[in-house]
Amino acid sequence: QVQLRESGGGLVQAGGSLRLSCAASGRTFSSYAMGWFRQAPGKEREFVAAVSGSGGSTYYADSVKGRFTISRDNAKNTVYLQMNSLKPEDTAVYYCAGAHTIPVLTTGRGYWGQGTQVTVSS
């Protein structure tokens, strides 16, 4: 069982930056691929970014490539999402997720946090 808790959301102006954090419980954090998803009002949840257990491989949705960076600190059981050059269309609830493999993670299966709101004003 893995429990995830997101933090770092908030209100920011377009062009600004935010860093989301996701703290995980458990002693096997490094064995899990971790990722971020988001869900905007009236839209389906969508994949944002993922990182392998070692941190050596990362994957991004086309909409955030070059602006967002996912990273992890296995010593702290934490995964991060650095979001730069934010746009109003990035407004959503952001969810942290974990699964044993990235293919499983990207299908939406695995463990989920409660989400943190990110609002980007124009």
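Structure report, in brief. (Residues numbered from 1 in each chain as written. Predicted model: local features only at pLDDT ≥ 70, side-chain atom pairs only at ≥ 80, totals over all residues. Heavy atoms only, no water.)

## Brief notes about the overall build of the chain
- The number of helices and strands found in the chain is one helix and 11 strands.
- Moving toward the C terminus, one meets the helices and strands of the chain in the order β-β-β-β-β-β-β-β-β-α-β-β.
- Based on the C-alpha atoms only, the size of the chain along its principal axes is roughly 40 × 25 × 25 Å.
- For the chain, with 122 residues in total, the buried portion stands at 43%. (Helix = DSSP H or I, 4+ residues; strand = E, 2+ residues; numbered from the N terminus. Buried < 20%, exposed > 50% of the residue type's maximum accessible area, 1.4 Å probe, protein only.)

## Description of unusual backbone geometry
- Backbone geometry places N77, a non-glycine residue, at a positive phi of 55°.
- Checked against the element boundaries, N77 lands in the loop between β7 (68-73) and β8 (78-83).
- When its relative accessible area of 17% is taken as the criterion, N77 is described as buried.
- The residue S85 is not glycine, and still its phi comes out positive at about 50°.
- In this structure, S85 sits in the loop between β8 and β9 (92-99).
- For S85, a relative accessible area of 41% puts it in the partly exposed group.

## Here's the deal with the pattern of salt bridges
- If you walk through the whole model with that rule in mind, you get four salt bridges.
- For R38, the salt bridge is made with D90, and the minimal N-O distance between the two is 2.9 Å. In this pair, R38 sits in strand β4 (residues 33-39) while D90 sits in the loop between β8 and β9, placing the two residues 52 residues apart along the sequence.
- Assessed through its relative accessible area of 6%, R38 is described here as buried. (Salt bridge = Lys/Arg side-chain N within 4 Å of Asp/Glu carboxyl O.)

## Considerations on the nonpolar core
- Of all hydrophobic cores here, the largest spans 28 residues; its most connected members are M34, W36, V79, L81, M83 and Y94.
- The dominant element in this core, judged by the number of residues it contributes, is strand β3 (residues 18-24), at four residues.
- In contact with Y94, not counting residues within four places along its chain, are E6, L20, W36, F37, R38, V48, F68, L81, M83, G115, T116 and V118.
- Core analysis: the second largest hydrophobic core is formed by seven residues, A33, A50, A99 and L105 among them. (Core = buried A, V, L, I, M, F, W, Y, C linked by side-chain atoms within 4.5 Å. Contact = heavy atoms within 4.5 Å.)

## Digging into the environment of T106
- Along the chain, T106 falls in helix α1 (residues 102-106).
- Excluding residues that lie within four positions of it along the chain, T106 makes contacts with F37 and F47.

## Re the packing of aromatic side chains
- Overall, the coordinates contain four aromatic pairs when judged by the stated rule.
- With a centroid separation of 6.0 Å and 70° between ring planes, the pair formed by Y32 and Y111 is classed as edge-to-face. Of this pair, Y32 sits in the loop between β3 and β4 while Y111 sits in strand β10 (residues 111-112), and the two are 79 residues apart along the sequence.
- Ring geometry for F37 against F47: centres 5.7 Å apart, planes inclined by 75°, an arrangement best described as edge-to-face. Placement of the pair is F37 in strand β4 and F47 in strand β5 (residues 46-51), with a sequence separation of 10 residues.
- F37 sits in the buried class, given a relative accessible area of 4%.
- For F47, a relative accessible area of 22% translates into the label partly exposed.
- A connected cluster of aromatic rings, assembled from ring pairs, spans F37, F47, Y95 and W112.
- In this arrangement the basic side chain of R45 is found over the ring face of W112, its NZ or CZ atom lying 3.8 Å from the centre.
- The side chain of R72 reaches across the aromatic face of F29, ending 4.4 Å from its centre. (Phe/Tyr/Trp six-rings, centres within 6.5 Å; stacked < 30°, edge-to-face > 60°. Lys NZ or Arg CZ within 6 Å of the ring centre and 35° of its normal.)

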